[in-house]
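Residue strings, one per chain:
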Amino acid sequence: MQIGQVVFSKCGRDKDRAFVVLSVEGEYVFLADGQLRPLNKPKKKKVKHTQPTNTVLVLEKQGLATMGGITDADIRKWLLPFRVSMDRVNEEVSNCLKTT
């Protein structure tokens, strides 16, 4: 797990939601999505409760305090493709589960 990596939440009320890793501290990561969890109030989550992706966003500098210029709107924009793809997966699953 590394700073800037896109991860999905595996459990909790934010399940299947895409986040960006802001920092890693032992078995915990601090996550933001720019919407429910803005940069100034990141979500603390155990690493085992996240599903990492191969996508790593290049943040200007390491660490939340030195992330000059990055805004919640930027994070929302970067995570948009992940939200759209998860919406499609959820729609396909619900279509498969419908009985006629």
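In the block above lies the structure referred to throughout.
About the criteria used
Residues numbered from 1 in each chain as written. Predicted model: local features only at pLDDT ≥ 70, side-chain atom pairs only at ≥ 80, totals over all residues. Heavy atoms only, no water. Helix = DSSP H or I, 4+ residues; strand = E, 2+ residues; numbered from the N terminus. Buried < 20%, exposed > 50% of the residue type's maximum accessible area, 1.4 Å probe, protein only. Contact = heavy atoms within 4.5 Å. Areas by Shrake-Rupley, 256 points an atom, 1.4 Å probe, with all protein chains shown as cover. Pairing = 2+ DSSP bridges. Axes fitted to C-alpha atoms, helices over the stretch in contact; angles between N-to-C directions.

Caption draft 1: Examining the overall build of the protein more closely. If you tally the helices and strands in the protein, you get one helix and five strands. Secondary structure elements of the protein, listed N to C terminal, follow the sequence β-β-β-β-β-α. In the protein, which comprises 100 residues, the share counted as buried stands at 34%. Long-range pairs, those at least 24 residues apart, make up 48% of the contacts in the protein with a sequence separation of at least 6. Surface summary for the protein: the accessible area is close to 6,500 Å², and the carbon and sulfur share equals 52%.

Caption draft 2: Region of interest: the sheet that holds strand β3 (residues 28–32). Taken in spatial order, the five strands make up an open sheet running β4-β3-β2-β1-β5, and their pairing is antiparallel. Across the chains shown, the open sheet's two edge strands, defined by having one partner strand only, are β4 (43–46) and β5 (50–56). This sheet shows a mean twist of 45 degrees between the axes of neighbouring strands, independent of strand direction. In the sheet, strand β2 (residues 18–25) pairs with β3 via five bridges, with the strands oriented antiparallel. Bridging across to β3, Val 21 finds its partner in Leu 31.

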